Amino acid sequence: MLACKKCLSENIVKNGIVRGKQRYRCAECAYNFVEGDQRTNESIIAKKAMCTILYSLGKASYTMLAHIFDTWPSLVYRWIVEAGAKLPNKEVSGEIKEMEFDEMWHFVGSKKTSFGSSKPLTVAHGELWPGCLAIVILQPSKNSTTKSNT
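Residues numbered from 1 in each chain as written. Predicted model: local features only at pLDDT ≥ 70, side-chain atom pairs only at ≥ 80, totals over all residues. Heavy atoms only, no water.

Caption draft 1: A look at the side chain of Ser9. Here Ser9 is to be found in the segment before strand 1 (12–18). Overall, the relative accessible area of 15% leaves Ser9 in the buried class. For Ser9, the side chain forms a polar contact with the main-chain nitrogen of Asn11, separated by 3.1 Å. Apart from the residues lying within four places of it in its own chain, the contact partners of Ser9 are Ala3, Cys4, Cys26 and Glu28. (Helix = DSSP H or I, 4+ residues; strand = E, 2+ residues; numbered from the N terminus. Buried < 20%, exposed > 50% of the residue type's maximum accessible area, 1.4 Å probe, protein only. Polar contact = N/O pair within 3.5 Å; in protein donor to acceptor, adjacent residues only side chain to side chain. Contact = heavy atoms within 4.5 Å.)

Caption draft 2: Up close: helix 3 (residues 73–85). The end-to-end C-alpha separation of helix 3 is 18 Å, in line with the 18 Å expected for 13 residues at 1.5 Å each. When helix 3 is considered as a whole, its buried residues turn out to be Leu75, Val76, Trp79 and Ile80. The arc that holds the buried residues of helix 3, viewed along the axis, is 140°, so those residues lie on one side. Next to the buried residues of helix 3 lie helix 1 (42–56) and helix 2 (62–68). (Expected span 1.5 Å × (residues − 1). Arc of directions from axis to C-beta.)

Caption draft 3: Fine view of the packing of aromatic side chains. Going through the model one piece at a time under the given rule, you end up with four aromatic pairs. Judged by centre distance (6.2 Å) and plane angle (15°), the ring pair of Tyr31 and Phe33 falls under stacked. (Phe/Tyr/Trp six-rings, centres within 6.5 Å; stacked < 30°, edge-to-face > 60°.)

Caption draft 4: Structural detail: the nonpolar core. The biggest cluster of nonpolar side chains holds nine residues, and these are Cys51, Ala60, Leu65, Ala66, Phe69, Leu75, Val76, Trp79 and Ile80. Listing elements by their share of this core, those giving two or more residues are helix 2 and helix 3. If one sorts the elements of this core by residue count, helix 3 sits on top with four residues. (Core = buried A, V, L, I, M, F, W, Y, C linked by side-chain atoms within 4.5 Å.)

Caption draft 5: Structural detail: the pairing of strand 2 (residues 21–26). Note: strand 1 against strand 2, five bridges, orientation antiparallel. Following the sheet pairing, Val13 is matched in strand 2 by Arg25. Connecting the antiparallel pair strand 1 and strand 2 is a turn made up of two residues, with Arg19 showing a positive phi of about 55°. The sheet contact formed by strand 2 and strand 3 (residues 32–34) spans three bridges and is antiparallel. In the strand pairing of strand 3, Tyr24 is matched with Phe33. Hairpin remark: strand 2 followed by strand 3, antiparallel, with five residues in the connecting loop; positive phi at Ala30, about 65°. (Pairing = 2+ DSSP bridges.)

Caption draft 6: Representation of the packing of helix 1 against helix 3 within the structure. As a packed pair, helix 1 and helix 3 sit with axes 9 Å apart at the nearest point and diverge in direction by 75°. Our classification of the angle between helix 1 and helix 3 gives roughly perpendicular. Touching Ile44, Lys47, Lys48, Cys51, Thr52 and Tyr55 of helix 1 are Val76, Trp79, Ile80, Glu82 and Ala83, all from helix 3. Looking at the contact of helix 1 with helix 3, its residues break down into seven nonpolar, one polar and three charged. (Axes fitted to C-alpha atoms, helices over the stretch in contact; angles between N-to-C directions. Parallel < 35°, antiparallel > 145°, perpendicular 65-115°, else oblique. Nonpolar A, V, L, I, M, F, W, Y, C, P; charged D, E, K, R; others polar.)

See the structure below:
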């Protein structure tokens, strides 16, 4: 039996003909679709998968992915949202503590280095024993070398 492509309901009705094919409308979510829609091919499926992987790794923005795959940023955004909607909801345990950094400011045309988080920081983390994570954040000493002053 034919089912809705969006909500998978089987409560659908015919809704005209589009591009020479029968169009259907879901009575549950009002989604219009065509059975056997041929607009998607293997190359688009591969682009969607690569965009989703690169975006999920935090390595690329919508605009950058659109330039790489010769498409539009809005289309990349829709692909990412579509992939995210298919993921199961994760439960967050009550044991997780929240860490907040204050003074995360952005200055246009100037860089403030006298205060706040604009100073370079060294972050070290490790698991002391299962379930106990330790994070140490240190500012480098005055005589230490950094990439910018070497």
